[in-house]
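Residue-level structural notes
Each chain, letter by letter, is given below.
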Amino acid sequence: MAKYETMMVTSSALDEEASAALIGKFKSLIEANGTIDSVDDWGKRRLAYPINDETEGVYTVIKFTSDPSFPAELDRIYKITEGVLRSIITVEEE
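No experiment lies behind these values; they were computed from the predicted model shown.

1. A few points about the pattern of salt bridges
In this structure the tally under the stated criterion is 5 salt bridges. A salt bridge links Asp-37 to Lys-3; the shortest N-O distance between them is 3.6 Å. Of the two residues, Asp-37 sits in strand β2 (residues 34-51) while Lys-3 sits in strand β1 (residues 2-11), which places them 34 residues apart along the sequence. Relative accessible area serves as the criterion here: at 43%, Asp-37 is assigned to the partly exposed category. With a relative accessible area of 35%, Lys-3 lands in the partly exposed category. Lys-63 is the partner of Glu-92 in a salt bridge, and the nearest nitrogen-oxygen pair spans 3.5 Å.

2. Examining the confidence of the model for the protein chain
Mean pLDDT over the protein chain stands at 94; residues scoring 70 or higher make up 100%. Considering each helix and strand of the protein chain separately, the mean pLDDT is smallest for helix α1 (residues 16-33), with a value of 93, and largest for strand β4 (residues 84-91), with 96.

3. Thoughts on the environment of Ala-13
Residue placement: Ala-13 occurs in the loop between β1 and α1. Taking the relative accessible area as the measure of exposure, Ala-13 reaches 65% and is therefore exposed. Taking the C-alpha atoms as reference points, Ala-13 and Val-39, separated by 26 residues in sequence, lie 22 Å from one another.

Conventions used here
Residues numbered from 1 in each chain as written. Predicted model: local features only at pLDDT ≥ 70, side-chain atom pairs only at ≥ 80, totals over all residues. Heavy atoms only, no water. Salt bridge = Lys/Arg side-chain N within 4 Å of Asp/Glu carboxyl O. Helix = DSSP H or I, 4+ residues; strand = E, 2+ residues; numbered from the N terminus. Buried < 20%, exposed > 50% of the residue type's maximum accessible area, 1.4 Å probe, protein only. pLDDT = per-residue confidence, 0-100.

Here it is, written out as structure tokens:
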């Protein structure tokens, strides 16, 4: 088991309910494949540059522990999910 941190930027065009459902989907996916250590909601922030004609995004940081094979699957799901503008998964150093 390794420790990871993922940050996702979701579309600010989604209403609060849809945004919470999208983040909840990823939380339950992570819990099914590991354990969540912490969730940090940064809220709506201005993007450094427009992504898909959007200038704001909702930032969420999740720290989790899982098998080393899971982050690749999580990244794949980020890329095919509507409403996720950007995402990154990093390994936390011990």
